[in-house]
Amino acid sequence: RKLLHQQLAGERIIVVSNREPYIHSKKDGEIQVHRPASGLVTAVEPVMRACSGTWVAHGGGSADRETVDSHDRVRVPPNSQEYNLRRIWLTKEEEEGYYYGFANEGLWPLCHIAHVRPIFRTSDWREYVRINQRFADAVVKESDSENPVVLVQDYHFALLPEMIRRALPKATIITFWHIPWPNPESFGICPWREELLKGMLGSTILGFHTPYHCKNFLETVDRYLETRIEHESSTISRRGQLTMVESYPISIQWPPPWQGTLPPVEQTRYEMLAALGLPAGHLLGIGVDRMDYTKGILERFTAVERMLELHPELVGHFTLIQIAAPSRSALEEYQSFEARVHALAERINRRFSREGCQAIILKAEHHEPEEVNRYYRSAQVCMVTSLHDGMNLVAKEFVAARDDEQGVLVLSQFTGAAHELHESLIVNPYHVEQTAEALHQALTMPEYEQQERMRSMRAMVRDFNVYRWAGRMLLDAARIRQRERLAVRIG
Ligand code: G6P
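Calculation criteria
- Residues numbered from 1 in each chain as written.
- Predicted model: local features only at pLDDT ≥ 70, side-chain atom pairs only at ≥ 80, totals over all residues.
- UniProt positions renumbered as here; feature names shortened; annotations may be inferred.
- Helix = DSSP H or I, 4+ residues; strand = E, 2+ residues; numbered from the N terminus.
- Rg over C-alpha atoms; globule rule 2.2 N^0.38 Å.
- Buried ≥ 20, exposed ≤ 12 C-beta atoms within 10 Å, placed from the backbone.
- Contact = placed C-beta atoms within 7 Å.
- Core = buried A, V, L, I, M, F, W, Y, C linked by C-beta atoms within 7 Å.
- Near = placed C-beta within 6 Å.
- Nonpolar A, V, L, I, M, F, W, Y, C, P; charged D, E, K, R; others polar.
- Pairing = 2+ DSSP bridges.
- Axes fitted to C-alpha atoms, helices over the stretch in contact; angles between N-to-C directions.
- pLDDT = per-residue confidence, 0-100.

By the naming in an unreviewed UniProt entry, the protein chain goes by Trehalose-6-phosphate synthase and is assigned to Geomobilimonas luticola. Taken verbatim from the UniProt record of the protein chain, the Sequence similarities (unreviewed entry) comment is "Belongs to the glycosyltransferase 20 family."

A. Representation of the overall build of the protein chain within the structure. Across its full length, the protein chain holds 17 helices and 18 strands. Relative to the 2.2 N^0.38 estimate, which gives 23 Å for 491 residues, the radius of gyration of the protein chain is 23 Å and therefore close to what a compact globule would have. A principal-axis box enclosing the C-alpha atoms of the protein chain has dimensions of 75 × 50 × 45 Å. For the protein chain, buried positions account for 47% of its 491 residues. Taking all contacts inside the protein chain whose residues are at least 6 apart in sequence as the whole, residues at least 24 apart take part in 77%.

B. Here's a closer look at the nonpolar core. Ranked by internal contacts, the top residues of the largest apolar core, which has 130 residues, are Val16, Val150, Leu409, Val410 and Leu439. Among the elements that line this core, the one with the most residues is helix H4 (residues 92-112), at eight residues. Once you skip the residues sitting within four places of it in the chain, Val150 turns out to touch Ile14, Val16, Val139, Ile164, Ala171 and Ile173.

C. Fine view of the site of the ligand. Contacts to the ligand come from Arg19, Ser38, Gly39, Leu40, Asp154, His178, Ile179, Arg290, Ser327 and Arg328. Its residues assigned to classes, the shell around the ligand comprises two nonpolar, four polar and four charged.

D. Highlighting the sheet that holds strand S5 (residues 73-76). Reading across the sheet, the 10 strands line up as S5-S6-S4-S1-S7-S8-S9-S12-S11-S10 and stay open at both edges, with mixed pairing between neighbours. Each edge of the sheet is formed by a strand with only one pairing partner; in this case those strands are S5 and strand S10 (228-230). In this sheet, neighbouring strand axes are inclined to one another by 20 degrees on average, regardless of whether the strands run parallel or antiparallel. Strand direction decides the pairing type here: S10 and strand S11 (residues 235-238), joined by three bridges, are antiparallel.

E. Inspection of the sheet that holds strand S17 (residues 408-412) at higher detail. Spatially, six strands are ordered S15-S14-S13-S16-S17-S18 in an open sheet, and the strand pairing comes out parallel. Two strands in the sheet have a free side with no partner beyond their single neighbour: strand S15 (360-363) and strand S18 (425-427). With strand direction ignored, the average angle separating the axes of adjacent strands in the sheet is 20 degrees. In this structure, strand S16 (residues 381-384) lies alongside S17, joined through four bridges in parallel fashion. Bridge pairing in S17 links Met383 to Val410.

F. Up close: the confidence of the model for the protein chain. Scored by pLDDT, the protein chain has a mean of 96; 99% of the residues are at 70 or more. Here the complex is predicted with pTM 0.97, and the ipTM for its interfaces comes to 0.99.

G. Region of interest: unusual backbone geometry. That bond from Val76 to Pro77 is cis: its omega, -10 degrees, falls within 30 degrees of zero. If you trace the backbone, Pro77 turns up in the loop between S5 and strand S6 (83-88). In this structure, Pro255 follows Trp254 across a cis peptide bond, with omega equal to 0 degrees. By secondary structure assignment, the location of Pro255 is in the loop between strand S12 (241-247) and helix H10 (265-276). The backbone of Asp72 sits at a positive phi, close to 60 degrees, despite the residue not being glycine. Note on placement: Asp72 falls in the loop between helix H3 (64-67) and S5. Take Asp72: there are 17 C-beta atoms within 10 Å of it, and that puts it in the partly exposed class. The backbone phi angle of Arg328 is positive, close to 50 degrees, even though this residue is not glycine. As for its placement among the helices and strands, Arg328 is situated in the loop between strand S14 (318-325) and helix H12 (332-352). For Arg328, a count of 18 C-beta atoms within 10 Å gives the class partly exposed.

Here's what the structure looks like:
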């Protein structure tokens with residue numbers, strides 16, 4: 001936090017993302033607020049609270065309009081009111097084209113390469129351009145100087161940096177891409193690849209989670225645009241605009257907000273097992289995801305099935321609790337994925353459930369962070385088996401939740417987190433036998449080994465927390481700003 005404040009020196013930042021950090025909805029005539037299942041929000045919200053400023057986002061909650069002032073702003077978090085949330089309204093058609101269509105049927109599968117074919121419709125692209133412009137105009141309005149610091153978040157806004165740059169040439173624009181960046185061949189199938197790349201190159205800094213994604217991006221630009229690339233400094237220069245491309249692995253808040261306030265792990269586990277009607281000593285695994293085909297939920301269930309085949313002594317003594325928050329469910333791909341997840345859980349449960357004990361408990365509903373934390377603290381093992389994931393913050397949240405230094409993380413090698421959490425059991429989720437064996441290893445691991453692994457992972461998440469993520473980007477931005485200022489003086 002100190003690093004963040006040093007870099008900002010009192011300056012307010014503007015964050016732009018599609019998903020808003022607080023969603024207001026109405027239930028029984030009462031306005032309620034909840035926090036969405038989004039890695040982006042998990043990471044950026046504590047940064048915003050530390051910096052203050054304005055967060056511009058789509059107002060998607062059914063009661064969002066009832067809570068804003070005449071400038072479409074509301075102070076959040078609801079209890080402490082530390083920063084402004086500026087909401088942008090979209091019609092159903094706009095949301096369909098820009099969010100469901102181009103962002104989530106086009107760019108999401110394009111960047112993840114999870115073997116779901118991207119769909120590119122010209123009408124969706126047009127909405128994407130229009131809505132990017134709408135957000136750019138809002139950022140310009142919210143900014144109270146000619147050189148604001150703007151943090152653009154994710155694949156919903158590839159065109160925003162250049163649009164903001166046109167209106168505010170001196171702005172410091174830091175764009176962070178929260179999902180993977182594919183190789184040039186894969187990215188090249190997008191009909192608007194040049195436009196997207198040019199849009200992103202309006203940024204001062206362009207951040208990805210891993211050096212590998214940066215390398216893919218540089219190669220993609222090299223393939224499709226006329227630019228000068230300096231590999232040594234990892235910068236791209238196009239028409240007088242310099243963009244630095246750098247990896248900034250995202251993280252979570254540390255210390256966790258609940259630190260020191262929770263009952264001991266044994267008590268949480270005892271209460272959890274009682275609530276689930278399971279006997280003391282029953283082993284629990286936990287999976288926490290949005291219901292999304294990139295998360296490897298089917299592969300995870302298949303690995304549980306295989307583990308129970310290979311180790312029948314655990315049948316009736318182990319349960320995987322899978323939390324799957326509903327996500328993008330207006331899209332057919334997501335509906336059919338959800339149906340397959342339910343069907344597979346049912347099939348495995350028919351085979352391996354024993355009286356009063358299911359092999360898989362599927363909770364396909366939204367859970368607030370406090371509840372998720374109770375599951376993390378009750379489980380012997382957390383399974384993160386994404387087929388491809390920019391970072392995956394569930395892995396880091398699980399580690400943060402385990403102040404008892406126990407519990408094992410099974411982690412997909414295709415997550416950004418696998419580049420940092422080396423003491424997890426790293427698996428290829430497409431390899432069922434290997435994942436099943438890792439799960440078994442986790443369930444039978446001696447306590448001293450769990451402790452050794454968990455201690456190192458906790459030190460990693462503590463030292464490389466989300467304040468450092470944001471602080472490093474702002475430090476790099478400050479250096480660039482200073483260089484630009486001095487260069488002008490000499491000239
Ligand atoms: C990923 C994306 C985020 C997004 C989140 C939830 O983490 O990188 O931008 O907010 O998924 O998805 P949703 O579509 O519900 O915002």
